[in-house]
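Here's the letter readout for the chains.
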Amino acid sequence: MTAEHADRVAGAIEGTVPRAIEPRRTTRLAVVGAGSVGATMAYAALMRGAARSVALYDINAAKVEAEALDIGHGIQFMPMADVTGSDDIAVCADADVVVVTAGAKQRPEQSRLDLAEATVGLVRKIMPQLVEVAPNAVYVMVTNPVDIVTYAALKVSGLPPNQLFGSGTVLDSSRLRYLLAQHTGVAVQNIHAYIAGEHGDSEIPLWSSASIGSVPLTEWPGMPGPDGPVGRLGSADRERIAEEVVNSAYRIIAGKGATNYAVALAGSRIIEAVLNDERRILPVSSLLDDYKGISDVCLSVPSVVGSTGVGARLDIAMSRAELEGLRRSADAVRAVARRFGL
């Protein structure tokens, strides 16, 4: 640049006031618990680009720091982000979303409700500390038994019901769609079906509202084959698939000790719905208030999830048997909650 050119440029900008460049507000996710679920949740959220900054918190300093370091070494190969790990709860400060995965580990043959006592005690201890450092975050409870844990967390934290909810049957619904896709030969993305109620043994598939494409699932004729339709879906098939959805977690735990990949991906999908204000319909577990006559219990029903947390619960059509099943599920969860003074 010549001196004359420099003078013209200086003259052109003379009198302008330079503006300070404010740092962009980045999406911040905190994951509580660096066990197999928590660490995989952080990894999945980073790989999907769900959050720009991820903080891992665990009382085991060596474990949480190692997990964060291991993930951090791969930042080059994922959407730009940063990850930190600490045994100081302050690492969760100012989070937009806090996902709680910490809790007692489920053993083979142990039901989710059997985990309640130890996990509720942990929730009572940790929630006030989390709310103190991240009062404006949307809280997603993943720890099992998630419906009891979500109810306990609401009672302890004092947060409004929209701001704290559980991952519920988002994973169960994904399992259902996967099994239906395997049976029918249709892409899982074109199958629309929900599991409702408890994330556990009393959950129910909502067959009456399920569909493949635009075809009601109960009317699915099968796909054309050389010897006639294949992949038909009779009542025996539906019963077998529903049973497999319930038992699949026990099968995975018996084989490898824990479920972590699918639950982390399901959790990441919920995180994205909140951070991107997607208003996506997901079967999360939230506090019901006269939903089909059901109140004062956290259960999963298809709900709108966005930046403020869980919103409207869809008044989805249910058969009489499905409605009765949902009410039985509510009674089962509520009875356990009462056992722990909730």
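Residues numbered from 1 in each chain as written. Predicted model: local features only at pLDDT ≥ 70, side-chain atom pairs only at ≥ 80, totals over all residues. Heavy atoms only, no water.

Turning our eyes to something else, we now look at the overall build of the protein chain. The helix and strand inventory of the protein chain stands at nine helices and 16 strands. Here the protein chain, with 342 residues, has 51% of them falling under the buried criterion. For the protein chain, restricting intrachain contacts to residue pairs at least 6 apart in sequence, the fraction spanning at least 24 positions comes to 69%. With the model as given, the accessible surface of the protein chain reaches about 16,500 Å², and the carbon-plus-sulfur share is 53%. (Helix = DSSP H or I, 4+ residues; strand = E, 2+ residues; numbered from the N terminus. Buried < 20%, exposed > 50% of the residue type's maximum accessible area, 1.4 Å probe, protein only. Contact = heavy atoms within 4.5 Å. Areas by Shrake-Rupley, 256 points an atom, 1.4 Å probe, with all protein chains shown as cover.)

Attention now moves to unusual backbone geometry. The amide bond that connects N144 to the next residue, P145, takes the cis arrangement and shows omega of 0°. Here P145 shows up in the loop between strand 5 (138-141) and helix 5 (146-157). The backbone of D94 shows a phi angle near 65°, a positive value even though the residue is not glycine. Within the element layout of this structure, D94 appears in the loop between strand 3 (82-86) and strand 4 (97-100). Among the residues examined, D94 registers a relative accessible area of 55% and is labelled exposed. Of note in the backbone geometry, D296 takes a positive phi value of approximately 55° without being a glycine. Its place among the elements puts D296 in the loop between strand 13 (285-288) and strand 14 (297-300).

For helix 7 (residues 235-256), built from 22 residues, the straight-helix expectation of 32 Å at 1.5 Å per residue is met to within 8% by its first-to-last C-alpha distance of 32 Å. At N247, helix 7 shows its largest kink, close to 45°. Those residues of helix 7 that fall on the buried side of the exposure criterion are R238, I241, A242, V245, V246, S248, A249, Y250 and I253. Residues of helix 7 that are buried sit in contact with helix 6 (170-184), strand 8 (195-196) and strand 9 (204-205). (Expected span 1.5 Å × (residues − 1). Bend = angle between axes of the 7 residues up to and from the residue.)

The next subject is the sheet that holds strand 11 (residues 215-216). Strand order in the open sheet formed by three strands is 7-10-11, with antiparallel pairing between adjacent strands. Each having just a single partner strand, strand 7 (191-192) and strand 11 make up the two edges of the open sheet. As paired strands, strand 7 and strand 10 (residues 211-212) are joined by two bridges and run antiparallel to one another. In the strand pairing of strand 10, I191 is matched with I212. (Pairing = 2+ DSSP bridges.)

If you check helix 2 (residues 36-47), its first and last C-alpha atoms are 16 Å apart, about what twelve residues at 1.5 Å a residue would give, namely 16 Å. Judged by how many residues are buried, helix 2 sits mostly within the fold: nine of twelve residues are covered. Of all the residues in helix 2, the buried ones are V37, G38, A39, T40, M41, A42, A44, A45 and L46. Of the surrounding secondary structure, the elements contacted by the buried residues of helix 2 are strand 1 (28-32), strand 2 (53-57), helix 3 (61-72), strand 3, strand 4 and helix 8 (261-275). Positioned one or two residues after helix 2, G49 has a phi angle of 70°, which is positive.

Judged by nonpolar contacts, the single largest core of 50 residues is most densely connected at V98, M127, L130, Y139 and L326. Breaking this core down by element, the ones donating at least two residues are strand 1, strand 2, strand 4, helix 4 (116-133), strand 5, helix 5, strand 14 and helix 9 (320-339). At eight residues, the largest contribution of residues to this core is made by helix 4. With residues up to four places along the chain from it excluded, the contact list for L326 reads A196, G197, I204, Y291, I294, L299, V301 and M318. Residues V37, L46, A50 and V142 belong to the second largest nonpolar core, which totals 40 residues. (Core = buried A, V, L, I, M, F, W, Y, C linked by side-chain atoms within 4.5 Å.)

Quick look at the confidence of the model for the protein chain now. This prediction gives the protein chain a mean pLDDT of 90; 89% of its residues lie at or above 70. The low-confidence segment residues 8-18 (pLDDT under 50) makes zero contacts with residues lying over four places distant or belonging to another chain. (pLDDT = per-residue confidence, 0-100.)

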